[in-house]
Amino acid sequence: MQLTTVEIATILGAAETSGNTQQYKGTACGYSIDSRSIQRGDLFFALRGPRFDGHEFVPQAFERGAIAAVVRQGYEAVEAENSSALIHVGDPAQALQQLARTVRQRWTGRLIGITGSTGKTTTKEMLSAVLETRFRVLKSEGNLNNHLGVPLTLLRLTPKTEVAVVEMGMSAAGEIASLASIAAPQTGVVTNVAPVHLEFFDSIDSIALAKRELIDHLQPPEVAVLNQDDDRVRRFREGFRGQVATFGFSEGADYRALRVRPSSTLDGKHFETDFEVQGPDHLGWFSIPLAGRHNVENALAAIACGNLLGIAPGEMRTALRTFRLPGKRMEILHLQGNITVINDSYNSNPLAMERMIETLSSWPAAGQKIIVAGEMLELGPSSAEWHRHIGRECTRAGINYLIAVQGDADYFLEGAREAGLPPDRMKFFPTARDAGRYCLSIVHSGDVVLVKGSRGAKLEEAIDVLGGAPGKPMWQD
């Protein structure tokens, strides 16, 4: 939403402090917290973080064409000609949130907030694809789902935007409530609750309470879209006075998957999952270009929201059949020699790992099933046991090789060994590159390799090794 610098300074209280609005000129065309991404006409927020201070990059922002910079009180421009383009505030991060809150208050469309321990991004992408068949939609980009990312998303609202789909993450109690106070969602979607961020919570029930903050802070007309298969999420309807729509495989779900049929093309390079949905007026069969029952759950959430907003089943079928996920999430790659690699290296937690193990276990016509499993971070004191649990699940699912990467991932092997996986079928490596090299030495035609771990494990480096040296890619189209 384009605002003049005078409006921005007034909203942030800077004009009142300076007593001079004449110094502010022009209109902001965009908003950024990274001087490297500044486009001409953007407003730059100079944020201070644990490892950087955005004020050091104010000159670069102006060099790249920033129209103004939001800075802390007392900061002076290095270049005298830029001094009139500074908007002084007490805290630039709070100023970013305040500006986003004001933009959201001026916008009259419908905002859908999505949270959950897993599946947020996939659900957001599916739902956006469904809604784009009828509405002008704004969605969160990348991982912009925190106290900075959500405000930056809201600042991309325009008068023409009809629906916004905003992902909301958290690592502590109160964070989703804070995001909801800025974004003011009318619809809240909760995918699930799982052992994530246990470093910051004392139990999974505490995580559930933090996720419920989205439902507790919905604005009229409130609609809660809840996972019927998750006991904790299902209970979010208790005490909620708005409309509730549930989804899942369980009996009683308003949008229920009755039958699921995974399939792949004859060459094995494309995967689809067909599923039948029973809902209001019976919605019928749908197809998504992804594997796994968990992705069917994500699609059910999108179908529920789409149906509530009047999207026809036929339009939703087309949208879901053709949508695509961002990279590193269920990305199916193919090595020369008929080898499939599932790149799900964007992030990981115990529930997400369980679901991907299930997906790999049921992969059609797979030879060896190999997992390159990176450490799962932020699990606190229970980290070792959660890693052992996943190792046991790998063995029970019939995985042929388990390759563990970094830190507590060594406990994957302990659990797998306890469950009976032979020692020569498991290996630990401190780096993803070493793991990738070992994987190349054991993989054969027809094998399927799952690569998954927390971002800190840098499993994209294993993907690089599997793909070959720069300039000599081994990937096939």
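Throughout what follows, the structure given in this document is the object of discussion. Note that the structure is predicted; figures quoted are calculated from it, not measured.

Where helix 12 (residues 350–361) contacts helix 13 (residues 383–396), the axes come no closer than 10 Å and their chain directions differ by 5°. Looking at the two axes, helix 12 sits roughly parallel to helix 13. Residues Pro350, Met353, Glu354 and Ile357 of helix 12 pack against Trp386, His389, Ile390, Glu393 and Cys394 of helix 13.

A few words now on the nonpolar core. Of all hydrophobic cores here, the largest spans 69 residues; its most connected members are Leu43, Ile87 and Leu99. Residue contributions to this core peak at 6 residues, all from helix 8 (residues 204–216). Beyond its immediate stretch of four places on either side in the chain, Leu99 contacts Leu3, Ile8, Ile11, Leu12, Tyr31, Leu43, Phe45 and Leu155. Listed in part, the 64 residues of the second largest apolar core include Ala304, Leu320, Met330 and Ile399.

Turning our eyes to something else, we now look at unusual backbone geometry. Look at the link from Pro220 to Pro221: it is a cis peptide, with omega at -5°. Position of Pro221 relative to the elements: it lies in the loop between helix 8 and strand 11 (223–227). The backbone of His197 shows a phi angle near 60°, a positive value even though the residue is not glycine. A positive phi angle is found at Asn338, which is not glycine, with a value near 60°. Note on placement: Asn338 falls in the loop between strand 16 (331–335) and strand 17 (339–343).

A word on the pairing of strand 7 (residues 110–115). Summarising burial for strand 7: 6 of the 6 residues are buried, a large majority. Burial of the side chains of strand 7 extends over both faces: Arg110, Ile112 and Ile114 are buried on one face and Leu111, Gly113 and Thr115 on the other. Both strand 7 and strand 9 (residues 163–167) contribute to a ladder of 5 bridges, which runs parallel. Looking across to strand 9, one finds that Arg110 is bridged to Val163. Across 4 bridges, strand 7 lies against strand 10 (residues 187–190) in parallel orientation. Residue pairing across strands places Gly113 opposite Gly188, the latter belonging to strand 10.

Attention now goes to the environment of Glu213. Among the secondary structure elements, Glu213 is positioned in helix 8. The spatial distance from the C-alpha of Glu213 to the C-alpha of Thr115 is 9.9 Å, given a sequence separation of 98 residues. Ignoring sequence-local partners within four residues, the contact set of Glu213 consists of Ala173, Gly174, Glu175, Ile176 and Ala177.

Turning our eyes to something else, we now look at the layout of surface pockets. In this model, the largest pocket occupies a volume close to 1,300 Å³. The wall of the largest pocket is formed by 47 residues, among which Lys120, Asn145, Tyr346, Asn347 and Arg455 lie closest to the centre. Those elements giving two or more residues to the lining of the largest pocket turn out to be helix 5 (120–131), helix 7 (175–183), helix 10 (293–308) and helix 12. Class assignment for the residues of the lining of the largest pocket results in 11 nonpolar, 25 polar and 11 charged. Counting residues per element, the lining of the second largest pocket draws most heavily on strand 3 (residues 30–32), at 3 residues.

Rules used throughout
- Residues numbered from 1 in each chain as written.
- Predicted model: local features only at pLDDT ≥ 70, side-chain atom pairs only at ≥ 80, totals over all residues.
- Heavy atoms only, no water.
- Axes fitted to C-alpha atoms, helices over the stretch in contact; angles between N-to-C directions.
- Helix = DSSP H or I, 4+ residues; strand = E, 2+ residues; numbered from the N terminus.
- Parallel < 35°, antiparallel > 145°, perpendicular 65-115°, else oblique.
- Contact = heavy atoms within 4.5 Å.
- Core = buried A, V, L, I, M, F, W, Y, C linked by side-chain atoms within 4.5 Å.
- Buried < 20%, exposed > 50% of the residue type's maximum accessible area, 1.4 Å probe, protein only.
- Pairing = 2+ DSSP bridges.
- 1 Å grid on protein atoms, 1.4 Å probe; cavity = no way out; pocket = protein on both sides within 12 Å on 5 of 7 lines; lining within 4 Å.
- Points joined across faces, edges and corners; volume = space filled by probe spheres on them.
- Nonpolar A, V, L, I, M, F, W, Y, C, P; charged D, E, K, R; others polar.

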